[in-house]
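# A look at the structure
So you can see what is in the structure, the chains are spelled out below.
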Amino acid sequence: MKRDKAGPKDILQLQNYMIELGKECIKGVLIAKGFSKKALQQSTDEIAYFVYSFNSLREKEKYSFEELKSNLQLLPLKEVK
């Protein structure tokens, strides 16, 4: 999971982890607040891409784990484009 926007380096890092795991790794998952244009150009089918948000929660406020969990929204990148 990437706190901010994911870039090409993040995709490369995940691909390297997947290579290290070998056949045990069926698919990679990259979750980020967003994806740079370069990252999108580099996207592959071996990785599933998701964008996260916390609905209307303010970034600088403090929240309980339950509040974060109930406000977490994950969208597959295909629905975001």
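The following paragraphs examine the structure supplied in this document. (Residues numbered from 1 in each chain as written. Predicted model: local features only at pLDDT ≥ 70, side-chain atom pairs only at ≥ 80, totals over all residues. Heavy atoms only, no water.)

Attention shifts here to the overall build of the protein chain. Of regular secondary structure, the protein chain possesses four helices and four strands. Secondary structure of the protein chain in N-to-C order comes out as β-α-β-α-β-α-β-α. The principal-axis extent of the C-alpha atoms belonging to the protein chain is close to 40 × 30 × 20 Å. Every one of the 81 residues in the protein chain was classed for burial, and the buried ones make up 26%. Of the contacts made within the protein chain by residues no fewer than 6 positions apart, 51% connect residues no fewer than 24 positions apart. (Helix = DSSP H or I, 4+ residues; strand = E, 2+ residues; numbered from the N terminus. Buried < 20%, exposed > 50% of the residue type's maximum accessible area, 1.4 Å probe, protein only. Contact = heavy atoms within 4.5 Å.)

Attention now goes to the packing of aromatic side chains. Across all of its chains, the model carries two aromatic pairs by this definition. Aromatic side chains Phe35 and Tyr49 sit 5.7 Å apart centroid to centroid with 85° between the ring planes, which places their arrangement in the edge-to-face category. One end of the pair, Phe35, is in strand E2 (residues 28-35); the other, Tyr49, is in strand E3 (residues 47-53), and 14 residues separate them in sequence. With respect to class, Phe35 is no different from Tyr49; both count as buried. (Phe/Tyr/Trp six-rings, centres within 6.5 Å; stacked < 30°, edge-to-face > 60°.)

Everything listed here is a matter of coordinates, which is why it stays silent on function.
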